[in-house]
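Below, each chain spelled out in residue letters.
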Amino acid sequence: MSLPKKLFALATLVPLTLGLFSAPAQSAPATFTHPGVLVSRPQLDFVRTKVQAGAQPWKQAYDAMMSSPYASLSRSPKPRAVVECGPYSKPNLGCTDERQDAIAAYSLSLAWYITRDAKYATKAIEIMDAWSAVLKDHTNSNAPLQSAWSASSWPRAAEIIKHTYTSWPNSGRFGTMLRNVYLPKVINGSHSNGNWELSMTEAAIGIAVFLDDKASYDKAVAKFRTRVPAYLYLTGDGALPKTAPGSGLDTRDKIVKYWQGQTTFVNGLSQETCRDFTHTGYGLAAIANFAETTRIQGQDLYPEIADRLREGLGFHAKYQMGAAVPSWLCGGSLKLGLGPVTEVGYNHLHTRLGLTMSNTEALTLRQRPAGTNSLFVSWQTLTHADNPQ
């Protein structure tokens, strides 16, 4: 459940470690909530009511989704047994097809829930069944990231279809694909740039929810709890950012190099800020999406990461909106392009908890309706704009 607004406002003034928040449960829920990956039934009902009433921004966001190729009923899935993804998508043997088919399945599942028109559900099933019938592996250097991106979208779609549609005979086979093909690639994380591991944890927790897999859920949560503080800096961390266990970043020089050469650390700075805002956006999105799923599952991790997420969103939104870049930040030059990644975190921190986030609010409103980055972020204005559920 959401924290009272006054309690949250008070907690932002002091370190979270002082115990103003009770610690979330240390293990997976006794019973998983379904649908429960990124969106819940109450959230979907809220969206459906708004769209049916023609209310904004939901109707505009819905129309954008429905006019996109991802919601097309004529879409032909392009599954393959082995998806090979090299660095910078070279080679790209099924990588784009897989990610986009996964987003399509999610888009169609949302269309099904909002319209209750069975043709959208059957098309989503067709796409998921096509992949689960043939996919065996991901190969080459980007295999973990490709697996993470695709397996962030697949469980969102599968949860909606399995738990709100009348029949999906091959749902078990789809679950077997998630367990045998995707989960091994993402469950153990990565010490690459932080957006990799954050996306991997998001995929892992989505798979765990769909499979009712408590052990994988707990492992994903444990990884998330160490990775987020190593991705977004707060001044309370000390002179240097925190590091993830096993990273090998045991000297100042190594940490500075990992943080793209940045030597001045301020609230909200990301490990990838000085790389570019696009990759930073991937990390921010995965953090919010992961926390949202835990909230739905009754193990709300937002309190643990709220200050970092709020500062991270606000810091990057400020510069994305055009603020002058100081010389100490990334040599005075930033590569912008944050992407449609703010809605989920902004909705929880602002809509549910009442926290003022002026920079994030300005950027979020400017970008509405948020679409998709064609990787793993999709239709967040539709699903999370001003959604109190």
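Reading guide: rules and limits
Residues numbered from 1 in each chain as written. Predicted model: local features only at pLDDT ≥ 70, side-chain atom pairs only at ≥ 80, totals over all residues. Heavy atoms only, no water. Salt bridge = Lys/Arg side-chain N within 4 Å of Asp/Glu carboxyl O. Helix = DSSP H or I, 4+ residues; strand = E, 2+ residues; numbered from the N terminus. Buried < 20%, exposed > 50% of the residue type's maximum accessible area, 1.4 Å probe, protein only. 1 Å grid on protein atoms, 1.4 Å probe; cavity = no way out; pocket = protein on both sides within 12 Å on 5 of 7 lines; lining within 4 Å. Points joined across faces, edges and corners; volume = space filled by probe spheres on them. Nonpolar A, V, L, I, M, F, W, Y, C, P; charged D, E, K, R; others polar. Pairing = 2+ DSSP bridges.

Draft legend 1. Molecular detail of the pattern of salt bridges. Under the defined criterion, the tally for this structure stands at 18 salt bridges. A salt bridge links Lys59 to Asp63; its shortest N-O distance comes to 2.9 Å. Within this pair, Lys59 and its partner Asp63 are both found in helix H3 (residues 58-66), separated by four residues, close to a single helical turn. Taking relative accessible area as the criterion, Asp63 reaches 34% and is therefore assigned partly exposed. Across the pair Glu292 and Arg295 runs a salt bridge whose closest N-O atoms are separated by 3.5 Å. With Glu292 and Arg295 both in helix H11 (residues 277-296) and three residues apart, the pair spans about one turn of that helix. Each member of the pair, Glu292 as well as Arg295, is classed as buried. The network of salt bridges with common partners includes Glu292, Arg295 and Arg352.

Draft legend 2. View of the layout of surface pockets. In this structure, the second largest pocket encloses a volume near 330 Å³. Taken together, 14 residues form the lining of the second largest pocket, with Tyr88, Asn142, Leu145, Arg275 and His279 sitting closest to its centre. When contributions to the lining of the second largest pocket are tallied by element, the ones reaching two or more residues are helix H6 (143-164) and helix H8 (194-211). For the lining of the second largest pocket, the element with the most residues is H6, which contributes three residues. Its residues placed into classes, the lining of the second largest pocket shows five nonpolar, seven polar and two charged.

Draft legend 3. Broad picture of the pairing of strand S3 (residues 82-85). Going residue by residue along S3, you find Val83 and Cys85 tucked away on one face and Val82 and Glu84 left uncovered on the opposite face. Sheet analysis places S3 next to strand S5 (residues 137-139), joined by three bridges and oriented parallel. In the sheet register, Glu84 faces S5, and the bridge partner there is Thr139. Looking at chain direction, S3 and strand S4 (residues 92-93) are connected through two bridges and run antiparallel. Residue pairing across strands places Cys85 opposite Asn92, the latter belonging to S4. Here S3 folds back onto S4 in antiparallel fashion, the turn holding six residues, of which Tyr88 has a positive phi close to 55°.

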